[in-house]
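Here is what each chain is made of, one letter per residue.
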Amino acid sequence: MSEPVLKAEKLDAADDLAPLRDRFLLDDVVYLDGNSLGALPAGVPDRVADVVRRQWGELRIRSWDESGWWTAPERIGDRIAPLVGAAAGQIVVGDSTSVNIFKALVAAVRMAGEDRTEILVDASTFPTDGYIASSVARLTGRTLRAVTPAEVPAALSGRTAAVLLNHVDYRTGRLHDLPSLTAAVHAAGAVAVWDLCHSAGALPVGLDEHGVDLAVGCTYKYLNGGPGAPAYLYVRRSLQDRFDSPLPGWNSHVEPFGMRPEYAPAPGALRGRVGTPDILSMLALEAALEVWDGVSIDAVRAKSLALTDFFLECVAAYVPGGRVESLTPVPHEERGSQVALRCADAGDAMKRLIERGVVGDFRAPDVLRFGFTPLYVGFADAERAARVLGEVLGGA
Ligand SMILES: Cc1ncc(COP(=O)(O)O)c(C=O)c1O
Ligand SMILES: Nc1ccccc1C(=O)C[C@H](N)C(=O)O
């Protein structure tokens, strides 16, 4: 057996998280696209069937109370909280990431005050954040400036209202320095809004510890909530009274069933709610989160780094020199949970990888992305993926 195969065997044998793979329904495909759509947790199908047949089919309207439907957004928010380093009562689940970015950014600008006239946005962001930030700037009469996260400290000034940043870059997998960037934003008197889509569930975030103001994230990647699963919004406790939602629907009213014409916001994170929650998706997510029972996010991070290190090592061993260039930073403190390889014929290469049972994704114009979800990806998977990549790109 080759050296990488032997090493993978050893690493898998020593991996305490390896048994967690049984908490998912998988096949023999090497699934490295959990940074786009997480795999299906084994408990979800039966739970969804129960929600549909019994809770909806039999209990019908009673389920809003008796099945805990009404309080699901905050209950599931509290379930996500420890995974992102937040105490309870600061996260609500609902709506898409894009909608939550809108709520958070408008609320941030409103908190910052009238004399703060500029919004900063991550220039390398996933597009939706940039589009929403542009609309928020127009709606609130602020200017928008796109800067890279590294340029943020120098770009901050007494005019900065809010800064919208990605914790991990969706394309390169670069992990940005959330503690120091948040501190810099605060030193300028501005409000920090973080998009956690590519970090939550893959590495420790430390929202409370680092004093993050507002954060949003999706639940369908490393949290495995399913296609279109609702996103979440974190509002730091000390800011909750000042959170003035641009979408103050009746679900965020202090007395939703009072049916009053005047709006009065609920206390706490509930202010982030809007309208009727999407119960089917939300309760699928709640079942999916059970895979985290007894799992430490620090252990997940350690395995994630070991996996991406090992994958890079195998790529170097199997892929002919010069065929790919890694865009993912080598230092661990700058790396998320994916490896991005630049490759001239990336679109075609990914098609061929998928045909051979290795599923990653292609991001235009020339990036092969491989996401490593430590709950269900092992070292033999990493070795096989790199080996097949080597074959596809004309290696040995
Ligand atoms: C960083 C980031 N933000 C936002 C989104 C998507 O937002 P939405 O859930 O609204 O589609 C994604 C991926 O789809 C993403 O990678
Ligand atoms: N929500 C999706 C629906 C369909 C296809 C992809 C997505 C993604 O999430 C893409 C991901 N945000 C990315 O980083 O590329």
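- An unreviewed UniProt entry annotates the chain as Kynureninase of Streptomyces fodineus.
- Listed under Cofactor (unreviewed entry) in UniProt, the entry text for the chain is "pyridoxal 5'-phosphate".
- As stated in UniProt under Function (unreviewed entry), the record for the chain gives "Catalyzes the cleavage of L-kynurenine (L-Kyn) and L-3-hydroxykynurenine (L-3OHKyn) into anthranilic acid (AA) and 3-hydroxyanthranilic acid (3-OHAA), respectively."

Some thoughts on the domain arrangement of the chain
- When the domains of the chain are assigned, the result is domain 1 (3-17 + 296-392) and domain 2 (49-292).
- Between domain 1 and domain 2, the C-alpha centre-to-centre distance is 30 Å.
- Opposite the 25 residues of domain 1 that make contact, domain 2 presents 18 residues.
- Interface area for domain 1 against domain 2, summed over the two sides, is near 1,700 Å², with a carbon-plus-sulfur share of 59%.
- The largest contributions to the domain 1 side of the interface with domain 2 come from Ile-297, Gln-338 and Leu-375, which together make up 29% of the buried area.
- The interface formed by domain 1 and domain 2 contains 1 salt bridge.
- Between Arg-174 and Glu-334 there is a salt bridge whose closest N-O contact spans 3.0 Å.
- Counting every contact that joins domain 1 to domain 2 gives 9 residue pairs in polar contact (both at pLDDT 80 or more).
- For the side of domain 1 that touches domain 2, the secondary-structure elements that each account for two or more residues are α10 (297-318), β12 (338-342) and β15 (367-371).

So, the site of ligand 2
- Looking at ligand 2, the residues that line it are Ser-36, Phe-126, Tyr-170, His-198, Tyr-220, Lys-221, Arg-363 and Arg-369.
- Contact between ligand 2 and Tyr-220: a nitrogen atom at 3.3 Å from a side-chain N or O atom of the residue.
- Interatomic distance of 2.8 Å between a side-chain N/O atom of Arg-369 and an oxygen atom of ligand 2.
- Notes on ligand 2: free accessible area 370 Å², of which the protein chains cover 62%.
- In terms of residue class, the shell around ligand 2 is built from 3 nonpolar, 2 polar and 3 charged.

Notes on the layout of surface pockets
- Quantified by volume, the largest pocket comes out at close to 220 Å³.
- Lining the largest pocket we find 19 residues, and of these Thr-97, Ser-98, Phe-126, Cys-197 and Tyr-220 sit closest to its centre.
- Listing elements by their share of the lining of the largest pocket, those giving two or more residues are α5 (97-112) and α6 (127-140).
- Looking at the lining of the largest pocket element by element, the count peaks at 3 residues for α5.
- Along the lines of polarity and charge, the residues of the lining of the largest pocket split into 7 nonpolar, 7 polar and 5 charged.
- In terms of lining residues, the second largest pocket is bounded by Pro-149, Ala-150, Arg-174, Leu-175, His-176, Asp-177, Ser-180, Leu-181, Glu-333 and Glu-334.
- Residues of the lining of the second largest pocket, tallied by class, amount to 4 nonpolar, 2 polar and 4 charged.

The rules behind these values
Residues numbered from 1 in each chain as written. Chains lettered and ligands numbered in written order. Predicted model: local features only at pLDDT ≥ 70, side-chain atom pairs only at ≥ 80, totals over all residues. Heavy atoms only, no water. UniProt positions renumbered as here; feature names shortened; annotations may be inferred. Domains from an automatic or database assignment. Contact = heavy atoms within 4.5 Å. Buried area = accessible area lost by both parts, 1.4 Å probe. Salt bridge = Lys/Arg side-chain N within 4 Å of Asp/Glu carboxyl O. Polar contact = N/O pair within 3.5 Å; in protein donor to acceptor, adjacent residues only side chain to side chain. Helix = DSSP H or I, 4+ residues; strand = E, 2+ residues; numbered from the N terminus. Near = heavy atom within 4 Å. Areas by Shrake-Rupley, 256 points an atom, 1.4 Å probe, with all protein chains shown as cover. Nonpolar A, V, L, I, M, F, W, Y, C, P; charged D, E, K, R; others polar. 1 Å grid on protein atoms, 1.4 Å probe; cavity = no way out; pocket = protein on both sides within 12 Å on 5 of 7 lines; lining within 4 Å. Points joined across faces, edges and corners; volume = space filled by probe spheres on them.

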